[in-house]
Amino acid sequence: MAGLERKKLKQVIDPTLAKAFTHPLRGHVWVTVCEKGVVSPTEIAEELDLDVTEVSYHFRKLHKKRLIRLLHTVQRRGFDEHFYEPCSPILYFDDFDWMEIPRSIRESFSADLLRRIVEEMVGAVQVGSFDARNRHLSRIWLKLDERGWRELTRALQRMLERIGAIQGRSETRCEESSEEPIPVEFVLAAFETIASIVQRAAGEDESI
């Protein structure tokens, strides 16, 4: 891990996936591939000012665990540059494992993920890609009981499964037709509002 202490490494968000990573650079590689869609070890090595051999090693480990796959290879001067894409572009949180993590750590993970989502959305607005198509953007306020909250989380899970199926069918069609895929980011969130916390009794503790 020498030389990584001062690098700005991205963190693995999903705690159930974190078990697959035994090195901080591997987590950074996987999150970067998920964010950008297609990345080569050379690109990350240049970004972090690291030896490409070291970075390539962690790409191979992720590839062996079937978390990323080789998309294509480009001939460069004296070497082959391999480009990888994620096997699953969905960052999914297992509810039980997630709630087993201390609240302070969960909040840190959530803040980091939301920050990157906002940065991506603002950047898309600035360059014009956000409104280039008939995009969807909605915001809904609900008032639910505990049963309603559980029903909502199950509905979100079903939506994620449908999104994954759409992704799979799109990949197949693109491979068969050589159509260039459209890079799309899908964001889904449900959370208690600030008003929910404010309305709770003063001094009341929340425990897991």
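All figures in this text were calculated on a predicted structure; none of them were measured in a lab. (Residues numbered from 1 in each chain as written. Predicted model: local features only at pLDDT ≥ 70, side-chain atom pairs only at ≥ 80, totals over all residues. Heavy atoms only, no water.)

Re the pattern of salt bridges
Let me state the cut-off plainly: For salt bridges, the criterion is a side-chain nitrogen of Lys or Arg within 4 Å of an Asp or Glu carboxyl oxygen. Only DSSP runs of H or I with at least four residues qualify as helices, and only runs of E with at least two residues qualify as strands; both kinds are numbered from the N terminus onward. Throughout this description, buried means an accessible area under 20% of the type-specific maximum (1.4 Å probe, protein chains only), exposed means over 50%, and partly exposed covers the range between.
Counted by the stated rule, this structure contains six salt bridges. Across the pair Arg69 and Glu171 runs a salt bridge, and its minimum N-O distance is 2.7 Å. With Arg69 in strand S1 (residues 68-76) and Glu171 in helix H7 (residues 146-177), this pair connects stretches of sequence that are 102 residues apart. Using a relative accessible area of 25% as the deciding quantity, one classes Arg69 as partly exposed. For Glu171, a relative accessible area of 23% translates into the label partly exposed. The partner of Glu119 in a salt bridge is Arg115, and the shortest N-O contact between them spans 3.0 Å. Taken as a pair, Glu119 and Arg115 lie in helix H6 (residues 103-127) at a separation of four residues, close to a single helical turn. Using a relative accessible area of 48% as the deciding quantity, one classes Glu119 as partly exposed.

Concerning the packing of helix H3 (residues 41-48) against helix H4 (residues 52-64)
The criterion, for reference: A fitted line through C-alpha atoms serves as each axis, taken over the contacting stretch for helices, and the angle formed by two N-to-C directions is quoted from 0 to 180°. Working definition: roughly parallel below 35 degrees, roughly antiparallel above 145 degrees, roughly perpendicular at 65 to 115 degrees, and oblique for all remaining angles. Crossing handedness follows the turn of the near helix against the far one: under a right angle anticlockwise gives a left-handed crossing, and clockwise gives a right-handed one. Here, two residues are considered to be in contact whenever any of their heavy atoms come within 4.5 Å of each other. Three residue categories are used. Nonpolar comprises Ala, Val, Leu, Ile, Met, Phe, Trp, Tyr, Cys and Pro, charged comprises Asp, Glu, Lys and Arg, and polar comprises the others, including Gly.
Their axes nearest at 9 Å, the elements H3 and H4 cross at an angle of 130°. By the criterion of interaxial angle, the relationship of H3 to H4 is oblique. Regarding H3 and H4, the two cross each other, and that crossing is right-handed. Between H3 and H4, the contacting residues are Pro41, Thr42, Ile44 and Ala45 on the first element and Val52, Val55, Ser56 and Phe59 on the second. For the contact of H3 with H4, a count of residues per class yields six nonpolar, two polar and no charged.

Quick look at the packing of helix H2 (residues 24-36) against H3
The contact between H2 and H3 brings their axes to 11 Å, and the two run at 120°. When the interaxial angle is binned, H2 and H3 end up oblique. For H2 against H3, the interelement crossing comes out right-handed. Every residue of H3 that contacts H2 at Leu25, His28, Val29 and Thr32 is listed here: Ile44, Glu47 and Leu48. For the contact of H2 with H3, the residue count by class is four nonpolar, two polar and one charged.

What about H3?
Worth spelling out the cut-off: In this description, one arc is meant: the one made by directions from the helix axis to the C-beta atoms.
Along H3, the positions that sit buried rather than exposed are Pro41, Thr42, Ile44, Ala45 and Leu48. Looking straight down H3, one finds that the buried residues subtend no more than 165° of arc, so they occupy a single side. Of the surrounding elements, those touching the buried residues of H3 are H2, H4 and strand S2 (79-86). Looking at the residues trailing H3, positive phi occurs at Asp49, about 60°.

A short note on the pairing of S2
We apply this condition: Here, any two strands with at least 2 DSSP bridges between them count as paired.
The pairing of S1 with S2 spans eight bridges and is classified as antiparallel. Bridge pairing in S2 places Ile68 opposite Pro86. Joining the antiparallel neighbours S1 and S2 is a turn of two residues, in which Gly78 adopts a positive phi near 85°.

Side note on the environment of Glu192
Along the chain, Glu192 falls in the loop between H7 and helix H8 (194-198). Separated by 51 residues in sequence, Glu192 and Trp141 place their C-alpha atoms 9.8 Å apart.

Points about the nonpolar core
Our working rule: Buried Ala, Val, Leu, Ile, Met, Phe, Trp, Tyr and Cys residues that are joined via side-chain atoms within 4.5 Å together make up what is termed a nonpolar core.
Val29, Trp30, Ile44, Val55, Phe59 and Ile68 are the most contacted members of the largest nonpolar core, which totals 17 residues. At the level of elements, H2, H3 and H4 are the ones that each hand at least two residues to this core. Broken down by element, the residue count for this core peaks at six residues, all from H2. Once residues within four sequence positions are removed from consideration, Val29 is found in contact with Ile44, Val55, Phe59 and Leu62.

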